[in-house]
Amino acid sequence: MIQIIANNYIKADKVEEFLKLAVGLVEETRAKDAGCIRYELVQDMKNPQILTMLEEWEDQESLKSHMSSPHFIKITTATADFAEEAAEVHVCKKII
């Protein structure tokens, strides 16, 4: 199993627009992407500009397929200029 923690640092004036687009991404990913165990978006309670994707995938191939899916490419293209700073992505393996 592969786990992803992707911290997105979004410009204040783009947070609502990012959230609207992210809802579609989450719904499509859960419905369409084989190997998706968990896919959710959380928002930092102290800083609402930090939006984090929490993901679990069966294997690397499932993750790779997701990252080349039309719904993933669509949001990454649409939100390319929303970032206040570069996203911080951690690819993790479960230990315990």
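In what follows, the accompanying structure is described. Since this is a predicted model, take the numbers as computed values, not measurements.

### What to know about the overall build of the chain
- Looking only at helices and strands, the chain features three helices and four strands.
- Starting at the N terminus, the α and β elements of the chain follow one another as β-α-β-β-α-α-β.
- For the chain, the C-alpha radius of gyration of 13 Å lies close to 12 Å, the compact-globule estimate for 96 residues.
- Across its three principal axes, the chain shows a C-alpha extent of roughly 35 × 30 × 20 Å.
- Going through the 96 residues of the chain one by one, you find that 35% of them count as buried.

### As for helix α2 (residues 60–67)
- The complete set of buried residues in α2 reads Ser62, Leu63 and His66. Here the buried residues of α2 occupy an arc of 100 degrees about the axis, which is enough to place them on one side. Opposite the packed face of α2, turned more than 90 degrees from it, sit the exposed residues Glu61 and Lys64.
- Where the residues of α2 are buried, they touch β1 (2–10), α1 (15–32), β2 (36–43), β3 (50–57) and α3 (70–78).

### Quick word on the pattern of salt bridges
- Scanning all chains against the criterion turns up four salt bridges.
- Of the charged contacts, one joins Glu17 and Lys14 as a salt bridge, the two residues approaching to 3.7 Å between their closest N and O atoms.
- Overall, Lys14 belongs to the partly exposed group, its relative accessible area being 22%.
- In this structure, the salt-bridge partner of Arg38 is Glu56, at a minimum N-O distance of 3.6 Å. Taken together, the residues span a long stretch of sequence, with Arg38 in strand β2 and Glu56 in strand β3 at a distance of 18 residues.
- Taking the relative accessible area as the measure of exposure, Glu56 reaches 14% and is therefore buried.
- Each member of the salt-bridge network shares a partner with another, and the members are Arg38, Glu40 and Glu56.

### Considerations on the layout of surface pockets
- In this structure, the largest pocket spans a volume of roughly 470 Å³.
- Secondary-structure elements contributing two or more residues to the lining of the largest pocket are β1, α1, β3, α2, α3 and β4 (83–93).
- Here the element with the most residues in the lining of the largest pocket is β4; it accounts for six residues.
- Partitioning the lining of the largest pocket into residue classes produces 19 nonpolar, four polar and two charged.

So, how was this worked out
- Here the residue numbers are simple positions, counted from 1 along each chain's written sequence.
- Two thresholds apply to this predicted model, a pLDDT of at least 70 for residue-level local features and 80 or more for giving and counting side-chain atom pairs, whereas whole-chain, interface and lining totals are computed over all residues.
- Only hydrogens and water are set aside; all other atoms, that is, all heavy atoms of the structure, feed into the side-chain values.
- Strands here are runs of E lasting at least two residues and helices are runs of H or I lasting at least four, both read from the DSSP assignment and numbered beginning at the N terminus.
- To get the radius of gyration, use the C-alpha atoms; to get the globule rule, take the number of residues to the power 0.38 and multiply by 2.2 Å.
- With a 1.4 Å probe rolled over the protein chains alone, any residue whose accessible area is under 20% of its type maximum counts as buried; one over 50% counts as exposed, and the rest are partly exposed.
- Here the arc refers to the directions that run from the helix axis out to each C-beta atom.
- Throughout, a residue-residue contact means that at least one pair of heavy atoms, one from each residue, lies within 4.5 Å.
- We define a salt bridge as a contact between a side-chain nitrogen of Lys or Arg and a carboxyl oxygen of Asp or Glu at a distance within 4 Å.
- Here a cavity denotes grid points, spaced 1 Å and computed from the protein atoms alone, that fit a 1.4 Å probe unable to get out, and a pocket denotes an open set having protein on both sides within 12 Å along at least 5 of 7 lines; residues with an atom within 4 Å of a point are the lining.
- Grid points are joined across faces, edges and corners, and a volume is the space filled by probe spheres set on the points.
- Three classes are used, and their members are as follows: Ala, Val, Leu, Ile, Met, Phe, Trp, Tyr, Cys and Pro are nonpolar, Asp, Glu, Lys and Arg are charged, and the others, Gly among them, are polar.

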